[in-house]
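Residues per chain, in single letters:
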Amino acid sequence: MVVALLLALFMPDIWVLAGVNDTVFIDVVLTLVMVLFTMELLILSVVDSHYILSFFQLMDIFGTVSMIFDISFMLGARADEAQVASNNADATANLMLLRAARAAKVGARAGRLSRVLRFLRFLPFLAGGDKQDENQTGIASMISGQLANLVATRVACLTIILVMVIPLFDIWTFPQSDYSLQTWVNRLSVDVLDQRNDDVMAELNLMKDFYSRHDYGPYSACIGVESRDSDGNKQFTCTTDSTGIAGQVALWSSGRAAPPRMSSVLLVFNQNFQVQVNMHVPKQVEAGFSMGTMVFIIIIMVFCGLALSSVVTDLAVRPLERMLGTVRKIASTVFKFSAEVAAEQNDEEVTDIDSSNEMKLLEKVVQKLAIIADLQTARAVPDETEDMRDEDLGILSMMHGANITKSKGRQTRRPSQTTARKKAIGVPQVRLEDFGVSQEIFNSWSFNSLNLSKNQRVNLAVYTVCKFHEDGEGFVNTGDEVAMFQRFTTAVEKEYLPVPFHSFAHAVDVLHAVSRVLRCVSSGTFLSELEEFSLLVAALGHDIGHPGVNNGFLSEVGHELAMQYNDRSPLENMHCAKLYTICNKPETNVFYHFTKEQYKEVRKNCIESILHTDMMAHQAMVKDLQILFQMNTEVFTAEPESDDKGQLVISPAEVEIFSEPDTKTKVVNCVLHSGDVSNPCRAWETTYAWALVCLEEFFAQGDQEKLLGIPVQFLNDRDKLNKPNSQIGFIEFMIAPFFVAQIRLWPNMHEMGGNLSRNIASWQDMWEKEVTPAEEEKAKVKGRVEKVQTNINEAIQRTPI
């Protein structure tokens, strides 16, 4: 196509400069060029949607159609035919049309220059970065080339339009043409009519001398008759008479030869006299200037492109390179993009900015920021509460308030292991059946510690901790260590008060849940044995001394705990204090064999996780989990692998995420809080039993509030609360979002999600039977329940937020 373009631009003028008096060859070549242009136009219109009605398509159409003005059998001039000069009253009009035709020809030739613009992209400075600095970001280099190409195209477009339009303004101006030829012919014609033969020959010699100093002039003359052809065009026929004045004129010599190209002959005549003028040199000059114009325009386009490319690079592309480089660094961390991504980009040529890696990363970063901002600014309490029942308002009141736990900087923790593997010596062999629980029940979410006796609970707690790690691992292996933990557990049990819910039965229940959750999250891949042991101890002692009332009640009545801890998680602070009071006694110091480093770490973990069981920290914990998933969507939505037991295997990339110090702390806090509020995620019989004792403790607090004359909290009025509806709201607003966020991170917790989905449906059925609500209210509650179930199912499938 480059060769075809050069032929279309320069071949007609080269033919004139060479004085070729033939049109067959050039007509064949230009016809083939026109066919190629037409095929290219059609193919691009079919395969490139951006080409339709674009500047390039319009100019290609114009340039292709303009080829007809250079092909002789269409509208072009033949090389072997002389041109006829106007010699009547319409000369001015004809000259104007001639000039218009010339301007159209120049404009059409300039239109073909638009095709040159396509080849600008192959120039080194517009090539899109293949040969540019290797340190440049790929997409930035591409944008640099495309911007420079775009700006250069517009400049070239303006240049072409100027070339096409400016000559048009000269069409209607007074034609500054040479009328001397027609004057000489008119004078000679009068002499012939008056039969002044001597004057005719004298005038011819004078005309010869007049044009001798010009590069054009007459080379022959004849006497004849003017006539019109069948199309009405004027023509002149020279006489064949060789006698008299006609013969003298025919034999007259001007000293000029005929031009080699007949189209360079200009015929000037009137009714009885004709002069043939050699215009070959002016035609060559005109062709030379036409070619010079084309070359000049191409040079202007190239150098304008070079200059504009430098400007665009300095003003736009270099800042963009720095920005995209930063985006890529952030994305490599946020999305866990590895070096293979960069290698893939270098191996594959990217021609579309929108599909480039950097643009995809930038789009994902923006999406992440939007989702994270939405998560951070999401209101924990719905805006519309007018239609809510008292039970729903009671649940929301538990979530209302600021997160009172202060975030602290984390340092990377050294995985703490025992200094040497210890052989299990003196550990009695026990069976779960001895504690009133089968192995099947213990390993399921049907476990219910409410059905056990005090001794069974103590022994089951010791068993759970001792058997969590394999023999020889963990921190309870020898007979002395088991005995110490037995005394510790017994002491802990004595500190729990006989309240309906927050009793030692609840401690054992949470311990069981924490041990199962640790298995579900594959804690052994990213938590040390010391961190796991810390969680098990914290689970056992997280509610020591709970009085059966919440923090709001203590602050309302001015309880000494609220005064002591300044209303900031007074119960949780008290639990930590009581736990370490027990541990400070030599006979119950379960950490007696720890090094100083290990003791400091386990104390830190226990206190941190227990303080986060305060419901005021709940919503912040949910957001942290949601953001953790969203920031690492590519890792958590990857296709998981399963082990021989059907359990999903945590990937190395997930292990890396959970092993980060800040993330690990959040996971530790999350695991204990999950066990603390896991009752709605158990089998229905266990869930129902724990819901009743929980509500009974709320009602007992409500009875005290009534006696003290202080406001009764929404969930504490036994005379007004609907139990099933309170559980629907509790699951919808608090439990479901928390476990949905966890299931996205740890799909092995899907069983808890399935139980949660079935349990909320069971509470809905129970509510409908007790209340017999109107259809409208029934439909509203059903919609709420179905939305919770949908969210749980999407979490199990790990559907991106």
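Above: the structure in question.
These figures come from a predicted structure and were not determined experimentally.

### Structural notes on the overall build of the protein chain
- Along its length, the protein chain carries 29 helices and 7 strands.
- Within the protein chain, buried positions represent 48% of all 801 residues.
- Taking all contacts inside the protein chain whose residues are at least 6 apart in sequence as the whole, residues at least 24 apart take part in 76%.
- In the form shown here, the protein chain has an accessible surface area of approximately 39200 Å², with 57% of it arising from carbon and sulfur atoms.

### Some thoughts on the environment of Glu639
- Within the secondary structure, Glu639 sits in the loop between helix 23 (633–636) and strand 6 (641–642).
- Residue classification places Glu639 among the exposed positions, given a relative accessible area of 74%.
- Here the alpha-carbon distance between Glu639 and Ser651, two residues 12 residues apart in the chain, equals 9.7 Å.

### What to know about the nonpolar core
- Core analysis: the largest hydrophobic core is formed by 101 residues, its most contacted members being Phe485, Phe488 and Phe533.
- Here this core gets 13 residues from one element, more than from any other, and that element is helix 27 (residues 723–745).
- Among residues more than four places away in sequence, those in contact with Phe488 are Val537, Leu540, Leu579, Ile582, Cys583, Thr588 and Val590.
- Of all hydrophobic cores here, the second largest spans 24 residues; its members include Leu188, Ile245, Ala246 and Val277.

### Focus on helix 8 (residues 244–251)
- For helix 8, every residue scored as buried is listed here: Ile245, Ala246, Gly247 and Val249.
- Of the surrounding elements, those touching the buried residues of helix 8 are helix 7 (197–211), strand 2 (217–228) and strand 5 (273–278).

### Structural notes on the state of the cysteines
- Enumeration according to the criterion identifies 1 disulfide in this entry.
- Through a disulfide, Cys222 is tied to Cys238; the S-S separation comes to 1.8 Å. Residues Cys222 and Cys238 are joined by a disulfide whose S-S torsion is about -45°; by sign, that bridge is left-handed. With Cys222 in strand 2 and Cys238 in strand 3 (residues 234–238), this pair connects stretches of sequence that are 16 residues apart.
- Judged by its relative accessible area of 10%, Cys222 falls in the buried class.
- A relative accessible area of 31% means that Cys238 is categorised as partly exposed.
- Free cysteine Cys576: the closest other cysteine sulfur is in Cys606, separated by 8.1 Å.

### Let's talk about unusual backbone geometry
- Residue Gln195 is not a glycine yet carries a positive backbone phi of 60°.
- Here Gln195 is to be found in the loop between helix 6 (180–193) and helix 7.
- On the basis of relative accessible area, Gln195 is assigned to the exposed category, the value being 65%.
- The phi dihedral of Ser522 falls on the positive side, at around 55°, and the residue is not glycine.
- Tracing the backbone shows Ser522 in the loop between helix 16 (504–520) and helix 17 (529–541).

### Regarding the sheet that holds strand 4 (residues 265–269)
- In spatial order, the strands read 1-4-5-2-3; together these 5 strands make up an open sheet with mixed pairing. One side of each edge strand has no neighbouring strand; the edge strands of this open sheet are strand 1 (83–84) and strand 3.
- Sheet topology places strand 1 next to strand 4; 2 bridges connect them, and they run parallel. The residue bridging Gln83 from the neighbouring strand is Leu266, located in strand 4.
- Along the sheet, helix 6 contacts strand 2, strand 4 and strand 5; its crossing angle with strand 5, the most-contacted strand, is approximately 150°.

### Structural notes on the pairing of strand 2
- Here 6 bridges tie strand 2 to strand 5, and the two strands are oriented antiparallel to one another. Within the sheet, the bridge partner assigned to Ile223 lies in strand 5 and is Phe273.
- Where strand 2 meets strand 3, 5 bridges bridge the pair, whose relative direction is antiparallel. The residue bridging Val225 from the neighbouring strand is Thr237, located in strand 3.

### Quick look at the pairing of strand 4
- Here strand 4 lies mainly inside the structure; 5 of its 5 residues are buried.
- By the alternation rule, side chains of strand 4 split into Val265, Leu267 and Phe269 and Leu266 and Val268, which are all buried.
- As defined by bridge partners, strand 4 adjoins strand 5 across 5 bridges and the pair is classed as antiparallel. Opposite Val268, over in strand 5, you have Val275 as the bridge partner.
- Hairpin connection of strand 4 to strand 5: 3 residues between the antiparallel strands.

### Here's the deal with helix 14 (residues 454–466)
- Taking 1.5 Å per residue as the helical rise, helix 14 with its 13 residues ought to reach 18 Å, and the 19 Å between its terminal C-alpha atoms agrees with that figure.
- Taken together, the buried positions of helix 14 are Arg457, Val458, Leu460, Ala461, Val462, Tyr463, Thr464, Val465 and Cys466.
- The inward-facing, buried residues of helix 14 contact helix 13 (439–442), helix 15 (479–495), helix 16 and helix 17.

### A closer look at the packing of helix 17 against helix 21 (residues 596–611)
- The N-to-C vectors of helix 17 and helix 21 enclose an angle of 45°; their axes lie 9 Å apart at closest approach. Put simply, helix 17 runs oblique to helix 21. Viewed along their axes, helix 17 and helix 21 form a crossing whose handedness is right-handed. Between helix 17 and helix 21, the contacting residues are Leu530, Glu531, Ser534, Leu535, Val537, Ala538 and Gly541 on the first element and Gln598, Glu601, Val602, Asn605, Cys606, Ser609 and Ile610 on the second.
- Here the residues of the contact of helix 17 with helix 21 are counted per class, giving 7 nonpolar, 5 polar and 2 charged.

Conventions used here
- Residues numbered from 1 in each chain as written.
- Predicted model: local features only at pLDDT ≥ 70, side-chain atom pairs only at ≥ 80, totals over all residues.
- Heavy atoms only, no water.
- Helix = DSSP H or I, 4+ residues; strand = E, 2+ residues; numbered from the N terminus.
- Buried < 20%, exposed > 50% of the residue type's maximum accessible area, 1.4 Å probe, protein only.
- Contact = heavy atoms within 4.5 Å.
- Areas by Shrake-Rupley, 256 points an atom, 1.4 Å probe, with all protein chains shown as cover.
- Core = buried A, V, L, I, M, F, W, Y, C linked by side-chain atoms within 4.5 Å.
- Disulfide = S-S within 2.5 Å.
- Pairing = 2+ DSSP bridges.
- Axes fitted to C-alpha atoms, helices over the stretch in contact; angles between N-to-C directions.
- Expected span 1.5 Å × (residues − 1).
- Parallel < 35°, antiparallel > 145°, perpendicular 65-115°, else oblique.
- Left-handed = near helix turned anticlockwise from the far one by under 90°.
- Nonpolar A, V, L, I, M, F, W, Y, C, P; charged D, E, K, R; others polar.

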